[in-house]
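Read off the chains here:
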Amino acid sequence: MIQQFTAPIPPTLNEQINLNRSHWSKGAQSKKQHTQTIALIARSYVLKPFPGKVWIDFHWQVKSFACDADNVAGAAKFIMDGLVNAGVLTKDSLMVIQSPVIHRYSRGKNEVIVTMSDRPIWELRAVDEEIAA
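Residues numbered from 1 in each chain as written. Predicted model: local features only at pLDDT ≥ 70, side-chain atom pairs only at ≥ 80, totals over all residues. Heavy atoms only, no water.

Q: Give me the sheet that holds strand 3 (residues 102-107): which residues, what numbers.
A: Reading across from one edge, 1-4-2-3 is the order of the four strands in this open sheet, with mixed pairing throughout. Where the open sheet ends on each side, the last strands, each with one partner, are strand 1 (2-8) and strand 3. Each strand of the sheet is rotated relative to its neighbour by a mean of 15 degrees, with strand direction disregarded. Summarising the sheet, strand 1 and strand 4 (residues 111-117) pair through seven bridges and their orientation is antiparallel. Bridge assignment links Ile-2 to a residue of strand 4, and that residue is Ser-117. Across the face of the sheet, helix 4 (residues 76-85) comes into contact with strand 1, strand 2 (55-62), strand 3 and strand 4 while running at roughly 130 degrees to strand 2. (Pairing = 2+ DSSP bridges. Helix = DSSP H or I, 4+ residues; strand = E, 2+ residues; numbered from the N terminus. Axes fitted to C-alpha atoms, helices over the stretch in contact; angles between N-to-C directions. Contact = heavy atoms within 4.5 Å.)

As structure tokens, then:
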């Protein structure tokens, strides 16, 4: 099973750290708000639950490449927690989320396309390429 959804990019790691530094409750409020937003988006896509292991591909479409890749990818925390909240993932531990978690970057309108599969995504893409050839 392969599923995909698109969402606005949650705060980057530096943005979240700055909120936490300003006051702990601002950071907590931001975390809660963005996690719930992702859960609502996941529910609106009517994503089916993954009962076991999951491979994830994040395609970050950002307006500017001035940000550090790891800073942008830090927003994955909100996304995975939101998917657990929505019941799409059983948990976001290393027992469920399989390695590698792929992070790709391109210029776009500050959104992320999240692809999830119950098999390694690169295996599925190889099959798609064979079929297309």
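Read on, since the account is not over.
Q: Can you lay out the packing of aromatic side chains for me, pointing to particular residues and giving the numbers?
A: For the structure shown, the criterion picks out two aromatic pairs. A centroid spacing of 5.3 Å and a plane angle of 15 degrees characterise the contact between Phe-58 and Trp-60, whose relative ring orientation is stacked. Given a relative accessible area of 0%, Phe-58 falls into the buried group. Residue placement shows Arg-107 over the ring face of Phe-65; its charged tip is 4.3 Å from the ring centre. (Phe/Tyr/Trp six-rings, centres within 6.5 Å; stacked < 30°, edge-to-face > 60°. Buried < 20%, exposed > 50% of the residue type's maximum accessible area, 1.4 Å probe, protein only. Lys NZ or Arg CZ within 6 Å of the ring centre and 35° of its normal.)

Q: Please provide a residue-by-residue account of the pattern of salt bridges, values included.
A: One pass over the full model with this rule turns up three salt bridges. A salt bridge links Asp-57 to Arg-104; the nearest nitrogen and oxygen atoms lie 3.1 Å apart. Taken together, the residues Asp-57 in strand 2 and Arg-104 in strand 3 connect sequence positions 47 residues apart. Residue classification places Asp-57 among the buried positions, given a relative accessible area of 0%. In this structure Arg-104 comes out as partly exposed when scored by relative accessible area, which is 33%. In this structure, Lys-77 and Asp-81 form a salt bridge, with 3.0 Å as the shortest nitrogen-oxygen distance. (Salt bridge = Lys/Arg side-chain N within 4 Å of Asp/Glu carboxyl O.)

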